Structure formats: C-alpha cells, structure tokens
Amino acid sequence: MSDIVIEAKELTKQYKKQKAVDGASFRIKKGMICGLVGPNGAGKTTIMKMLGGLVLPTDGSFTIFGGSSEKELAHARSRMSFMIETPYAKEEMSARENLEKLRLQKGIPDPKRVDEVLEMVGLADAGRKHVGKFSLGMRQRLGIAGALLSKPEIMVLDEPVNGLDPEGIIEIRNMLKKFNEELDVTILISSHILAELSQLCTDYMFIRRGKLLQTLSAEELHKMCGEYYHIHTDNDPLALVTLQNKLGVQNCDVLKDGTLRLFERLDELPLISKTLYENGLTPVELHVHEADLESYYMKLVGDDNAEHNKGNAEADKA
C-alpha cells in the first residue's frame, strides 16, 4: 500500500489572465506535517481549495488516497477535514452549540464527540461561552475543534496561526504536533511566515507567484539555514576525500558546482585550513556561512510579486 496520501501533477488554476497556481507538482506522505509557505496571495489557499473541491483546476490533476474520479475524491474528502480562511461560527451561539450544529450537519452520530474535541483543543471550560466573546486564539481553536469532529486522517489548515501572539502560536503548534503523533493525523498547513512553522513541520513546500519553488525536509531546511563552512579549493573532489580521510568528516555536502558545505568542526577553521594546505590543496574560498530562516525565506520567495499577490487575493475571494 502506498504511503502517498496526496499527489498533484502540474496542478494549475487560472482566473482570466492570472495563474493563481501554475503547474504545481507535489506529494504528501502519510504522517507528514507539510508546511506550504509563501507570501500572501502566492497561491496557497487556491491549492487548498482545489484539494477540498471548492474550486476546479484549470489544468493538471491530483489524487487523494490514490483516487482521482469525482466519486473517489468525494469519498477521500470524507476522511479529511478543511479549515480554509477564517473559521465560521455564529457569534450569538456558544462553542458547544456551534460544534453540535456542525456535528449534525456532518452526520456524526456520537453526541459525546463535541465534548471530546473541546477538551482536545483546550476549550472544555469555555464550551458554554458565546463565540462573540472569544479571542482570536480561541476562535482558531474552535475552528480546529470543528475540523477534528469527523476524526480525520488528513487535516488541511489555511493560516491557522495568522494574527496570533507568540504564546498562541506555540499553543497551536504543540496541539497540532500532538494530533500528528498521537492520532496519526497527516497535516497540510499554510503560512506566509516561515518561522511560524519552523518548529512544527516535517516537510516544506515553498510557493511564489503560483509556482512551487522548492520542497525540502525539515532536516534539509535546517541545513540550508544553519552555520556551515563554504569550501572551494583548486581541487574540490580531492578536498572532500582529504577531509574525510584526515579529519573523519562525515557531514559534508557537495553542491552542483562542486564546492563543499561542511556542517561539522565549525570551531576548527585553522585545523581545516592546515589540513588542506598540508595535502597540496589551495583554498580559494573558506569561510563560515550563517543564515537564519527568515533570510533564507526572503531570498527564496523575494518581495517582487505584489501584482501577482493582488490578483490571487482577489481570485481567492471569488
């Protein structure tokens, strides 16, 4: 049985002359917490709406649990939950009343499920409180509670920490980690701020101007953003072998241009330089590289897509 739960191939959505999503191909495996990261209007919500059946692709295709026909996707979506854009709730009703109404709409037979999900999201003591008196963080928790009612195998969450304070972000992050680990829920979550997802996700997809730019595991991302020595010599293949044989180096990547990224012995620059020289190698570049998550993100997505973002934002409202 395949561990791929969602697969998209050249997924495209066009509104008039504007491509909100442009040929996106990706795979999400069972058990992932996959972060879809990009500026506001970059196409994140449109991808989620296509997966949820709220809008139809212009081109390309996708499968959920291996199914792609209308009937198969309808069945697959019954095993999923979606929280796209601001969670809706009637403000004059309590949290429990809102969830009870949603339970009946979804045909969930067990009335105890409402109290279960309120407990899971930390709203057990606020179940009788009118939603109109809820803070933004409480509203987001209520939206997640609604998404949990059907015991989903996959949760699709659009900017669930948007606008929350740092404490609220941490609370939502820990909650989603718990669902992933204890309930085996696969999660697709979007944000326009990489740092908000950096301690949550197992994998990342970066999107800009409707195009997926890069997919990385959390380990690969932290490597890209952490400290390392950038090494370029007059013979890079020999430099790699030398560092491995003479210093026992194991954590070293070879880039496409042949240069090296060394992720260990970061306080031993004199020893590394000496080892290269003593083995007949001349360093052309040998320096520490340091980048934080936000710097990496801004370098990747840039800030030149304002016109595209405006078009996508208008399309998402349609």
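Residues numbered from 1 in each chain as written. Predicted model: local features only at pLDDT ≥ 70, side-chain atom pairs only at ≥ 80, totals over all residues. Heavy atoms only, no water.

A. Empty space enclosed by the protein, seen in detail. Applying the stated criterion across every chain yields a total of one cavity of 30 Å³ or more. In this structure, the largest cavity encloses a volume near 30 Å³. Around the largest cavity, the lining residues are Val 161, Ile 169, Ile 172, Arg 173, Leu 176, Ile 189, Glu 196, Leu 197 and Leu 200. Breaking the lining of the largest cavity down by element, the ones donating at least two residues are α6 (166-183) and α7 (194-197). Taken together, the residues that form the lining of the largest cavity break down as seven nonpolar, no polar and two charged. (1 Å grid on protein atoms, 1.4 Å probe; cavity = no way out; pocket = protein on both sides within 12 Å on 5 of 7 lines; lining within 4 Å. Points joined across faces, edges and corners; volume = space filled by probe spheres on them. Helix = DSSP H or I, 4+ residues; strand = E, 2+ residues; numbered from the N terminus. Nonpolar A, V, L, I, M, F, W, Y, C, P; charged D, E, K, R; others polar.)

B. Representation of helix α5 (residues 136-148). Taking 1.5 Å as the rise per residue, α5 with 13 residues should run 18 Å; its terminal C-alpha atoms sit 19 Å apart, in good agreement. When we look at burial in α5, the residues that qualify are Met 138, Gln 140, Arg 141, Leu 142, Gly 143, Ile 144, Ala 145, Gly 146, Ala 147 and Leu 148. Where α5 is buried, its residues contact β5 (80-83), α3 (95-106), α4 (112-120), β6 (154-158) and α6. (Expected span 1.5 Å × (residues − 1). Buried < 20%, exposed > 50% of the residue type's maximum accessible area, 1.4 Å probe, protein only. Contact = heavy atoms within 4.5 Å.)

C. Broad picture of the packing of aromatic side chains. According to the stated counting rule, one finds two aromatic pairs in the structure shown. Between Tyr 204 and Phe 206, the ring centres sit 6.4 Å apart and the planes meet at 20°, which makes this aromatic pair stacked. The pair Tyr 204 / Phe 206 is uniform in exposure class, with both members buried. Ring centres 5.5 Å apart and planes at 55° place the aromatic pair Tyr 228 and Phe 263 in the tilted group. With Tyr 228 in strand β10 (residues 228-233) and Phe 263 in the loop between β12 (260-262) and α10 (269-278), the pair connects residues that are 35 residues apart, well separated along the chain. Under the relative-accessibility criterion, Tyr 228 is labelled buried at 3%. Its guanidinium or amino end placed over the ring of Tyr 15, Lys 13 lies 5.2 Å from that ring's centre, counting from NZ or CZ. Sitting above the plane of the Phe 65 ring, Arg 79 keeps its charged end 3.6 Å from the centroid. (Phe/Tyr/Trp six-rings, centres within 6.5 Å; stacked < 30°, edge-to-face > 60°. Lys NZ or Arg CZ within 6 Å of the ring centre and 35° of its normal.)

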